[in-house]
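Single-letter residue listing:
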Amino acid sequence: MAEHQSGPVETGAPMDYSEHEKTYTLFINATKYGTLFCVALLIAMAAAFFTTMGFFSSFVLFILLNVAGYFMLR
């Protein structure tokens, strides 16, 4: 049958909460800026393929969207 524990269940190493916070912050920032990059790329590709902007103008648009998004997400 199952044994009933009356003491603490954790038997591993103590948690390093500052390291958890750093990892969480890194994950959130990577997700945020990765999403910004993908959305800016999709908008620039749509501008290049469905309008008469061309490659260079859509590349400039891509850079401008990334810069504006960076300042908005900080």
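Below or above, wherever it landed, is the structure these notes cover. Quick caveat, the model's predicted, so the values are computed rather than measured.

1. A closer look at the overall build of the chain
Logical step 1: Counting its secondary structure elements, the chain contains two helices and zero strands.
Logical step 2: Taken over 74 residues, the chain has a buried fraction of 11%.
Logical step 3: For the chain, the exposed area adds up to about 6,600 Å²; of that, 71% sits on carbon and sulfur atoms.

2. As for the packing of aromatic side chains
Logical step 1: For the coordinates displayed, the defined rule picks out five aromatic pairs.
Logical step 2: On the numbers, 5.8 Å between centres and 35° between planes, the contact of Tyr 33 with Tyr 70 is tilted. Taken together, the positions of Tyr 33 in helix H1 (residues 17-50) and Tyr 70 in helix H2 (residues 54-73) put the pair 37 residues apart, joining distant regions of the chain.
Logical step 3: We classify Tyr 70 as partly exposed; its relative accessible area is 39%.
Logical step 4: When the ring of Phe 37 is compared with that of Phe 62, the centres are 5.3 Å apart and the planes differ by 80°; the resulting orientation is edge-to-face. Here Phe 62 lies in helix H2 and Phe 37 lies in helix H1, a separation of 25 residues in the sequence.
Logical step 5: According to the relative accessible area criterion, Phe 37 is partly exposed, its value standing at 43%.

3. Focus: H1
Logical step 1: Over its 34 residues, H1 extends 49 Å from the first C-alpha to the last, a length consistent with the 50 Å expected when each residue adds 1.5 Å.
Logical step 2: Turning to H1, the residues buried within the fold contact H2.

4. Quick look at a nonpolar patch on the surface
Logical step 1: On the surface, Phe 55, Phe 56, Phe 59, Val 60, Ile 63, Leu 64, Val 67, Tyr 70 and Phe 71 cluster together into a nonpolar patch covering about 950 Å² of accessible area.
Logical step 2: With respect to the helices and strands, Phe 59 occurs in helix H2.

Calculation rules
- Residues numbered from 1 in each chain as written.
- Predicted model: local features only at pLDDT ≥ 70, side-chain atom pairs only at ≥ 80, totals over all residues.
- Heavy atoms only, no water.
- Helix = DSSP H or I, 4+ residues; strand = E, 2+ residues; numbered from the N terminus.
- Buried < 20%, exposed > 50% of the residue type's maximum accessible area, 1.4 Å probe, protein only.
- Areas by Shrake-Rupley, 256 points an atom, 1.4 Å probe, with all protein chains shown as cover.
- Phe/Tyr/Trp six-rings, centres within 6.5 Å; stacked < 30°, edge-to-face > 60°.
- Expected span 1.5 Å × (residues − 1).
- Contact = heavy atoms within 4.5 Å.
- Patch = residues over 30% accessible without salt bridge, like charges linked within 9 Å, V, L, I, M, F, W, Y side chains within 5 Å.
- Salt bridge = Lys/Arg side-chain N within 4 Å of Asp/Glu carboxyl O.

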